[in-house]
Each structure stands twice: as structure tokens, then as C-alpha cells.
Amino acid sequence: MAGVCTPVAVVTAMADGLPHGTTVGSLTSLSLRPPMVTVALDRRSRLLPRIRRAGRFGVNLLGAGQDGVADIFASPAADRFDQVEWYADEGLPRLRDAPGWLVCRPRRFVAGGDHLLLLGLVDRVWGAEGAPPLVHGHRTFGTHSAFTRRKHLSITDQIAAFAR
Ligand SMILES: Cc1cc2nc3c(=O)[nH]c(=O)nc-3n(C[C@H](O)[C@H](O)[C@H](O)COP(=O)(O)O)c2cc1C
């Protein structure tokens, strides 16, 4: 499965006034009416009980070049949010430079082996349309190759253009 490319997102929740976030590659679009997404979370994930408690979660879609952000939120470190710029959006931790943002409510938790599949209703979306996504495959971060050819712009320039 390492060869199946995934998007990379940081799923967040606020619990007891403190932000928590976890890198996931399992984000998938599920339904259009109503708008729904799924995320598979390890049963041992520290994010899971926080989402259950808060009854809400945020999804930060990472862009090309944000490998470092993905690594921070996959690390065991407790101070993940000290290493990035973030703010509370509708009470959910939002990363300042992420090119996509979803505000969601958990609808169901479906057991799947050592993971739980979280089915979430999407209340609000924001996206920098056309921003090159961060993609993960064979344990390597990259982006969709078509974006590397577009208009001879470097990935760094493209991200800067969409951040404006
Ligand atoms: C590219 C990438 C994708 C990941 N995808 C998932 C995922 O879909 N579900 C999951 O539970 N963990 C995933 N992980 C691992 C978690 O980010 C990691 O175990 C993290 O430390 C869990 O933190 P938590 O216990 O605070 O939730 C992924 C890690 C990376 C680097």
C-alpha cells in the first residue's frame, strides 16, 4: 500500500483549551449530499478521544513543500503547535499556511481492525483553488507531477502565489 499515493492533511481538535493535531494520509471524500469525508485513525491515536469530546474537528489540507509540517504532526512531540503558525477558526486549530481547510462534525465511528473510520459531516470549506497539493507515496513527500510542469513556475513560487 506504500505505493498508493495519498493526500496529506493535519486533522485537529481543541480539548480543554489546548490544540491537538495529527498528520493523516487517509482523508477521503465520501459524499456530496450531504458533504462528508472519512479519516481512518489508529485506535491508539491521542486525537481520537479529543474529537469525541469536542464533537468537532478541523482538516488542514497541506500543500506541496509542507513536508516539514507533516513531519511535525506525525512526531511524538507534545509541542507540535509551538513549531507552526496557527490560530483558532470557529474554535478549531487552523494552520496559517495550509491551502485547504474543512470544519467538520463526527457523524459515526466505524471499527476497522486496529483503526476507526471516522465519518464526518463537512460544515464549511475553504480552499486556494489550484494550489499544488502535498502527496505521499513510497514514504516520500512530493506533489502531483503536472504541477511541476505548469507555467515553468517552481513549486515555491506556486505556493507563494496561492498564499496571497
Ligand atoms: C504521511 C503520513 C500519513 C499518516 N496517516 C495516518 C492516518 O491516516 N491515520 C493515523 O492514525 N495515523 C497516521 N499517521 C501517523 C500519525 O501521524 C502519528 O502516529 C502521530 O504521532 C499520531 O499522533 P496522535 O497520537 O497525537 O494522534 C500518518 C503519518 C504520516 C507521516
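Residues numbered from 1 in each chain as written. Predicted model: local features only at pLDDT ≥ 70, side-chain atom pairs only at ≥ 80, totals over all residues. Heavy atoms only, no water.

As annotated in an unreviewed UniProt entry, the protein chain carries the name Flavin reductase family protein and comes from Streptomyces amakusaensis. Looking at the Sequence similarities (unreviewed entry) heading of the UniProt record, one finds this comment for the protein chain: "Belongs to the non-flavoprotein flavin reductase family." (UniProt positions renumbered as here; feature names shortened; annotations may be inferred.)

Would you mind showing me how to read helix α1 (residues 47-54) here?
Because an α-helix packs 3.6 residues into every turn, residues spaced three or four apart end up facing the same way. Taken together, the buried positions of α1 are occupied by Leu47, Leu48 and Ile51. Projected down its long axis, α1 shows its buried positions confined to an angular sector of 100°, all on one face. Each element contacted by the buried residues of α1 is listed here: β2 (9-15), β3 (18-24), β5 (36-42), β6 (57-61), β9 (100-112) and β10 (115-127). Directly after α1, the chain includes Gly55, whose backbone phi takes a positive value near 70°. (Buried < 20%, exposed > 50% of the residue type's maximum accessible area, 1.4 Å probe, protein only. Helix = DSSP H or I, 4+ residues; strand = E, 2+ residues; numbered from the N terminus. Arc of directions from axis to C-beta. Contact = heavy atoms within 4.5 Å.)

For this particular structure, what's the right way to read the UniProt feature "domain: Flavin reductase like" (unreviewed entry) in the protein chain?
Residues annotated by UniProt as "domain: Flavin reductase like" (unreviewed entry) correspond here to residues 1-143. Helix makes up 10% of residues 1-143 and strand 50%, and the two end C-alpha atoms of the span are 18 Å apart.

How should I be thinking about the sheet that holds β2 in this particular structure?
The strands that make up a sheet are held in pairs by hydrogen bonds between backbone atoms, and each pair lies either parallel or antiparallel. As summarised here, the arrangement of the seven strands in space is β3-β2-β6-β9-β10-β5-β4, forming an open sheet in which the pairing is antiparallel. Both edges of this open sheet fall to β3 and β4 (28-31), since each of them pairs with a single strand only. When the angles between neighbouring strand axes are averaged without regard to direction, this sheet yields 35°. Bridge count for β9 against β10 is 12 bridges, and the pairing is antiparallel. Each bridged residue has a counterpart across the sheet, and for Pro106 the counterpart in β10 is Gly120. Set on the sheet, α1 makes contact with β2, β3, β5, β6, β9 and β10; between it and β2 the angle comes to about 55°. (Pairing = 2+ DSSP bridges. Axes fitted to C-alpha atoms, helices over the stretch in contact; angles between N-to-C directions.)

Got a minute to help me understand the site of the ligand in this structure?
Every one of the 17 residues lining the ligand counts as a neighbour, but His20, Thr22, Thr23, Ser26 and Ser45 are closest to it. Note that an oxygen atom of the ligand is positioned 2.7 Å from one of the side-chain N or O atoms of His20. The separation between an oxygen atom of the ligand and a polar main-chain atom of Thr23 is 2.8 Å. Protein chains bury 77% of the 650 Å² of accessible surface belonging to the ligand in isolation. Looking at the shell around the ligand, the elements that each hand over two or more residues are β3 and β5. Per-element tally for the shell around the ligand: the top contributor is β3, with four residues. Classifying every residue of the shell around the ligand gives six nonpolar, eight polar and three charged. (Near = heavy atom within 4 Å. Polar contact = N/O pair within 3.5 Å; in protein donor to acceptor, adjacent residues only side chain to side chain. Areas by Shrake-Rupley, 256 points an atom, 1.4 Å probe, with all protein chains shown as cover. Nonpolar A, V, L, I, M, F, W, Y, C, P; charged D, E, K, R; others polar.)

Would you take a moment to explain the sheet that holds strand β12 (residues 140-142) for this structure?
Pairing in this open sheet of three strands is antiparallel, and the strands run β1-β11-β12 from one edge to the other. At either end of the open sheet lies a strand with only one pairing partner, and these are β1 (6-7) and β12. Here strand β11 (residues 135-137) pairs with β12 via three bridges, running antiparallel. Across the sheet, residue His136 finds its bridge partner in β12, namely Phe141.

How should I be thinking about the environment of Ala146 in this particular structure?
Assignment of secondary structure puts Ala146 in helix α3 (residues 145-149). The exposure class of Ala146 is partly exposed, given its relative accessible area of 32%. Spatially, the C-alpha atom of Ala146 lies 9.2 Å from that of Pro132, the residues being 14 residues apart in sequence.

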